[in-house]
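Secondary and tertiary structure notes
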Amino acid sequence: MAIIRELKVCLLGDTGVGKSSIVCRFVQDHFDHNISPTIGASFLTKTVPCGNELHKFLIWDTAGQERFHSLAPMYYRGSAAAVIVYDITKLDSFQTLKKWVKELKEHGPENIVVAIAGNKNDLGDIREVPMKEAKDFAESIAAIFIETSARNAVNVEELFQKISRQIPPLENPEVDSNESFKLTRQAAPSSRRCC
Amino acid sequence: MALQTAEEIAEQMEESEDILEHDVQVSPAEEMPGDGPVEEESEQLFLPWDRFSAWLHCICVVGFDLELGQAVEVIYPHHSKLTEKEKTSICYLSFPDSNSGCLGDTQFCFRFRQASNIQPSLGCFLDRCDRDAPVCLKRDQGHFYGYVYFRQVRDKSLKRGYFQKSLVLISKLPYVTFFHSLLKLLAPEYFEKQEPCLEAACNDIDRWPTPTPGKILNLPIMGVVMKLRIPTCYDKPGTSQLVQSTPGDSLVSIVLPTIHEVDLFRCFYPVFFHIQMLWELVLLGESLVVMAPSPSDSSDTVLALVSCLSPLRYCSDFRPYFTIHDSEFKEYTTRTQAPPSVILGVTNPFFAKTLQHWPHIIRIGDMKQTGEVAKQMKVKKLKNLKTLDSKPGVYSAYKPFLNKDEDIIKQLQKGVQQKRPSAAQNAILRRYFLELTQSFIIPLERYVASLMPLQKTISPWKSPPQLRPFLQEEFMKTLEKAGPQLTSRLKGDWIGLYRQFLKSPNFDGWFRNRRKEMMQKLEALHLEALCEEDLQLRIQKHTEVETVDLVLKLKDKLTKAENEQLPVRAGTLTKLQTHIESIILSLPEDLQGILHKPATL
């Protein structure tokens, strides 16, 4: 029988970039055009298979509004992964993302898997953040990178699959390397093929 | 005998793991939308703040204002209703009352009378939750609990030289351990991050599942998931069903093995030579006061006293922390009447004088300096108690009915010498009290069950038969053959203990509850008998007026059965509904219209 592993995951990023929409698409496969801003954080779970394990994502979808900024440590504390979301049509939101990367590096858990998601890629015609720039940045910090569209259900599953693959399996040091890396300055990033 | 055997424990652990596994075993394909906090319950039933109010009445922040003294600074959610009287109570009860050196963080609990009776909008839903809860975990009618996290630290920037503030959860639920764990997560963050933190926490709580006994509940709060199970009244007493299967990361999730049990051994340690006598005093509803150096000591001890009767409910008033400002101060301390049947926990030295006339006083020293305490063997004379500085111990002239059980004392003492873990000592003590209470209560249960009329006396066409009355002498006679000697090796004046108990509020509360349950059972059996009848045949023999009367009566019964959730066999109510429909259809059309109306309105 598969082991169920609880993995805490937090979503960070500027207000209005679509954090809740990504989670809603991932967990409920649903998109709502008018959702109200999150207060504090919302909590949802979803279990996905990964090799011999089942990953139960405990997802803390944090509020992007500035007044809740100070609460963020409660959500990234103990997290196995952080998804930092920006809006490809808003350059500002990419700047905010960089601040989150910095904060995680300074105060976040040491082995946290970081994923960068450029959301709203269905609005390519009003894009402000070039894909290459974001991708290069992600590479420079050894983070997962993906552009998503919560509205059109593009790459949302993939985002979480990539995270799953980055999580080192329990009691199994035998691993082969994968396309993305952990944020830490530690030795060889390791992961294992699964799913 | 006292401690569970290793097998039993292993068995329990297995059970609990099964439950846990079962709970989390959801294959991805079946993953429900909102697999998160919402599960099962139909969401549209709940208005905003309904879920919150199923757990909490409100959250208060109590601070110290140099001009006003203690004041409620914030009430969250802002629309929560508290009367001025209630606010005043909360203010005084949320701060340590003596100048005890409560430096740093302190947690304690208090209980106060509800000034007005506001029914929450989801009242009937809560009743259903309460029905399955053990008696001692039901919502407290008429009282609120206040769970306090008090912080006092030096702060030169403040005029008073100290930062003093309490975060207080107000609830009707007696889940002491749960709320204290919740506060441990919430309060330190609040003191640092202020209002957004409360806003986030309340928002989290408002998406929790309602407190339903028997289910494993996942409660996300402030970045952590609390996992717990509210016991049901059907659980085998003395078993805990939720254990942490694997050591987890407390930043991710926390498993609470209990939501309400206090550490009995720690609380009773200063007076543990007298535990059996204390059990008798609590059982008989005697006036008891606990004088302690701090509100956390007083509230822990009072809660331990109340819970040592479990599964029996302590029915009189109890105040884990009581102050001279309390609105019941006069009522409880008057010398013109005999002391009331209550348990008070106090810290103000003033009470040593005010309550000098009370028959039983427990004096707790500083719980941290426990070295010499265990030597205090003798019950002390009351006149020796002058001030709060008197020596720790039990001050009483009470002569216990039962002989002292030396074994439990020896067992605990041995544990102290061998440095047995506190959790194990607590388990021994809890088991001891459980067996004692059960030995005491089983003969009563047996006798009361015999008051139930025989099944054959239930006739569908007569009102349900009455319960036979409780006759004290008749009960006493049953003790010869079926008394506590069957389950307890303790000797002593059990008869005397029962006689005294029958006069106490605890018996009254217990018997009322039993009576109510049995009457509902009778109603249910009666209803089932009625459903088995051929009603069509019956109405053929009766006039139209009588038939209409029957329909109205049946409808009444149906409503009552639904409202009171009578313990009927599955399908009975649907059957009754069908009977009603078919009788109505056999009536003339004009009458049909009239009889159908109320149902569709």
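The numbering scheme is per chain: residues are counted from 1 as the chain's sequence reads. Key to labels: chains lettered from A, ligands numbered from 1, both in the order written. Side-chain atom pairs in this predicted model are given and counted only at pLDDT of 80 or more, local residue features only at pLDDT of at least 70, and totals for whole chains, interfaces and linings cover all residues. The side-chain values count all of the structure's non-hydrogen atoms but skip hydrogen atoms and water molecules.

For chain B, the name recorded in an unreviewed UniProt entry is UDENN domain-containing protein, with Coilia grayii as its organism.

Naming follows an unreviewed UniProt entry, where chain A appears as Ras-related protein Rab-31 of Coilia grayii. UniProt positions are given in the numbering used here, feature names are shortened, and annotations may be inferred rather than shown by experiment. Database annotation for chain A, UniProt heading Sequence similarities (unreviewed entry): "Belongs to the small GTPase superfamily. Rab family."

**As for the overall build of chain A**
Check the secondary structure of chain A and you find 5 helices and 6 strands. Evaluated residue by residue, chain A yields a buried proportion of 54% over its 195 residues. With residues, only the protein chains shown are counted as cover, and all accessible areas are computed by Shrake-Rupley using a 1.4 Å probe. Here chain A has roughly 8600 Å² of accessible surface; of this, 49% comes from carbon and sulfur atoms. Helix and strand definitions here come from DSSP, where helices need a minimum of 4 consecutive H or I residues and strands a minimum of 2 consecutive E residues; each element is numbered from the N-terminal end. Each residue is placed in one exposure class: buried if its accessible area under a 1.4 Å probe, protein chains only, is under 20% of its type's maximum, exposed if it is over 50%, and partly exposed if it falls in between.

**Remarks on the overall build of chain B**
A tally of regular secondary structure across chain B gives 20 helices and 13 strands. Each of the 601 residues in chain B was classed as buried or not, and the buried ones make up 53%. Relative to all contacts within chain B whose residues are 6 or more apart in sequence, the contacts with residues 24 or more apart total 74%. Roughly 28800 Å² of accessible area belongs to chain B as shown, and the carbon and sulfur atoms make up 54% of that amount. Note on definitions: a residue-residue contact is assigned when non-hydrogen atoms from the two residues lie within 4.5 Å.

**Quick notes on the interface of chain A and chain B**
With 29 residues of chain A at the contact, the number on the chain B side is 31 residues. Joining two parts hides part of their accessible area as seen by a 1.4 Å probe, and the buried area is that hidden amount summed over both. A buried area of about 2500 Å², summed over both sides, lies between chain A and chain B, and 58% of it is on carbon and sulfur atoms. Interface area lost by chain A to chain B is led by Phe43(A), Trp60(A) and Met74(A), which between them contribute 19%. Definition used for salt bridges: Asp or Glu carboxyl oxygen within 4 Å of a side-chain nitrogen of Lys or Arg. Applying the counting criterion to the chain A and chain B interface returns 3 salt bridges. N or O atoms closer than or at 3.5 Å make up a polar contact, with two conditions inside protein: a donor-capable atom paired with an acceptor-capable one, and, for residues adjacent in sequence, both atoms drawn from side chains. Our count for the chain A to chain B interface comes out at 10 residue pairs in polar contact (both at pLDDT 80 or more). Looking at the side of chain A that touches chain B, the elements with two or more residues in it are strand E1 (3–13), helix H1 (19–28), strand E2 (41–50), strand E3 (53–62) and helix H2 (72–76) of chain A. In the scheme used here, Gly and all other residues not listed as nonpolar or charged are polar, with Ala, Val, Leu, Ile, Met, Phe, Trp, Tyr, Cys and Pro taken as nonpolar and Asp, Glu, Lys and Arg as charged. Across the side of chain A that touches chain B, the residue classes break down as 16 nonpolar, 7 polar and 6 charged.

**Here's the deal with the nonpolar core**
Residue and element names in this part refer to chain B. Counting 146 residues, the largest nonpolar core has Trp 55, Phe 178, Phe 268 and Leu 444 as its most contacted members. Counting residues per element, this core draws most heavily on helix H13 (residues 422–449), which supplies 10 residues. With sequence-adjacent residues up to four places away left out, Leu 444 is seen in contact with Phe 470, Phe 475, Tyr 498, Phe 501, Leu 502, Phe 507 and Trp 510. Among buried residues, those of type Ala, Val, Leu, Ile, Met, Phe, Trp, Tyr and Cys that are joined through side-chain atoms within 4.5 Å constitute a nonpolar core.

**Points about the side chain of Ser149(A)**
Residues and elements named next belong to chain A. For Ser 149, the location among the structural elements is in the loop between strand E6 (144–147) and helix H5 (156–166). At a separation of 2.8 Å, a polar atom in the side chain of Ser 149 contacts the side chain of Asp 122. Separated by 2.9 Å, the side chain of Ser 149 and the backbone nitrogen of Asn 152 make a polar contact. Other than its neighbours up to four places away in sequence, Ser 149 contacts Asn 119, Lys 120, Asn 121, Asp 122, Val 154 and Val 156.

**Quick notes on the pairing of strand E9 (residues 288–291) of chain B**
Residues and elements named next belong to chain B. Burial along E9 is two-sided: Leu 288 and Val 290 and Val 289 and Met 291, pointing in opposite directions, are all buried. Sheet topology note: the E9/strand E11 (residues 342–346) ladder contains 4 bridges and is parallel. The residue of E11 that forms the bridge with Met 291 is Val 346. Two strands are counted as paired when DSSP detects at least two bridges linking them. Sheet analysis places E9 next to strand E12 (residues 360–363), joined by 4 bridges and oriented parallel. Residue pairing for E12: Met 291 is matched across the bridge by Arg 363.

**As for the packing of aromatic side chains**
Any Phe, Tyr or Trp ring, taking Trp's six-membered ring, that has another such ring centre within 6.5 Å forms a pair; planes under 30 degrees apart are called stacked, those over 60 apart edge-to-face, and the others tilted. Within the structure shown, the criterion is met by 49 aromatic pairs over all chains. Taken together through their ring pairs, the aromatic side chains of Trp279(B), Phe440(B), Tyr447(B), Phe470(B), Phe475(B), Trp494(B), Tyr498(B), Phe501(B), Phe507(B), Trp510(B) and Phe511(B) make up a single cluster.

**Looking at the sheet that holds E3(A)**
Within a sheet, each strand pairs with its neighbour through backbone hydrogen bonds, oriented either parallel or antiparallel. Residues and elements named next belong to chain A. Ordered by their spatial adjacency, 6 strands build an open sheet running E2-E3-E1-E4-E5-E6, and the pairing between neighbours is mixed. Unpaired on one side and paired on the other, E2 and E6 mark the two borders of the sheet. Averaged over all adjacent pairs, the angle separating strand axes in this sheet is 25°, with direction ignored. In this sheet, E3 lies alongside E2 in antiparallel orientation, the contact comprising 10 bridges. Axes, fitted as lines to C-alpha atoms, cover a helix only where it is in contact. Angles between the N-to-C directions of the axes lie from 0 to 180 degrees.

**A word on the sheet that holds strand E2 (residues 69–76) of chain B**
Residue and element names in this part refer to chain B. Taken together, the 5 strands give an open sheet; going across it, the order is E2-E1-E5-E4-E3, and neighbouring strands pair in antiparallel fashion. Lying at the two open borders of the sheet, with one neighbouring strand each, are E2 and strand E3 (104–113). Sheet twist, expressed as the mean angle between neighbouring strand axes with direction ignored, is 25°. Alignment of strand E1 (residues 58–65) against strand E5 (residues 162–171), held across 6 bridges, turns out to be antiparallel. Paired with Val 61 across the strands is Leu 167, a residue of E5. Along the sheet face, helix H3 (residues 84–93) touches E1, E2, E3, strand E4 (143–154) and E5 and points at about 145° away from the line of E3.

**Re the environment of Val224(B)**
Mapped onto the secondary structure, Val224(B) falls in strand E7 (residues 224–229). Note: C-alpha distance between Val224(B) and Ser250(B) (26 residues apart in sequence) is 7.6 Å. The contact partners of Val224(B), leaving out residues within four places of it in the chain, are Trp60(A), Leu185(B), Leu219(B), Ser250(B), Leu251(B), Val252(B), Ser253(B) and Ile254(B).

**Considerations on helix H12 (residues 406–417) of chain B**
Residues and elements named next belong to chain B. Residue count minus one, scaled by 1.5 Å, sets the expected span of a helix. Given a rise of 1.5 Å per residue, 12 residues ought to cover 16 Å, and the 16 Å separating the end C-alpha atoms of H12 matches this to within 8%. Listing the buried residues of H12 in full gives Ile 408, Ile 409, Leu 412 and Gly 415. The buried residues of H12 all sit within an arc of 125° when viewed along its axis, so they share a single face. What points out from H12, more than 90 degrees from its buried face, is the exposed set Lys 410 and Gln 417. For H12, the side-chain oxygen to backbone nitrogen distance between the N-cap and Asp 407 is 3.0 Å, and the N-cap itself is Asp 405. Trailing H12 by a residue or two, Lys 419 shows a phi angle of about 55°, which is positive. Throughout, the arc means that of the directions going from the helix axis to the C-beta atoms.

**Considerations on the packing of helix H16 (residues 505–532) of chain B against helix H18 (residues 544–564) of chain B**
Residues and elements named next belong to chain B. Running from N to C, H16 and H18 cross one another at 135°; their axes reach a closest spacing of 11 Å. Relative to H18, the element H16 is oriented oblique. Helix-helix and strand crossings are classified by hand; for H16 and H18 the assignment is left-handed. Across from Gln 520, Glu 523, His 526, Leu 527 and Leu 530 in H16, the residues of H18 making contact are Leu 554, Lys 557, Lys 560, Ala 561 and Glu 564. By residue class, the composition of the contact of H16 with H18 is 4 nonpolar, 2 polar and 4 charged. Note on angle classes: values under 35 degrees are labelled roughly parallel, values over 145 roughly antiparallel, values of 65 to 115 roughly perpendicular, and the remainder oblique. Here a crossing is taken to be left-handed if its near helix is turned anticlockwise relative to the far helix by less than a right angle, and right-handed if that turn runs clockwise.

**A few points about the environment of Glu406(B)**
Its place among the elements puts Glu406(B) in helix H12. A sequence separation of 241 residues divides Glu406(B) from Lys165(B), and the C-alpha atoms of the two residues are 45 Å apart.

**Here we look at the packing of helix H14 (residues 472–482) of chain B against helix H15 (residues 494–502) of chain B**
For any two helices packed against each other, the geometry is given by the interaxial angle and the distance between the axes. All names here are of chain B. Contact geometry of H14 with H15 gives a least axis separation of 11 Å together with a crossing angle of 150°. With respect to H15, the element H14 is oriented roughly antiparallel. For the element pair H14 and H15, the recorded crossing hand is right-handed. Residue-level contacts link Gln 472, Glu 473, Phe 475, Met 476 and Leu 479 of H14 to Ile 495, Tyr 498, Arg 499 and Leu 502 of H15. Here the contact of H14 with H15 is composed, by residue class, of 6 nonpolar, 1 polar and 2 charged.

**Let's talk about the environment of Gln114(B)**
Residues and elements named next belong to chain B. With respect to the helices, strands and loops of the structure, Gln 114 is situated in the loop between E3 and helix H4 (123–131). When its relative accessible area of 13% is taken as the criterion, Gln 114 is described as buried. For the pair Gln 114 and Lys 391, spaced 277 residues apart in sequence, the C-alpha separation works out to 36 Å. At 2.5 Å, the side chain of Gln 114 and the side chain of Lys 172 are in polar contact.

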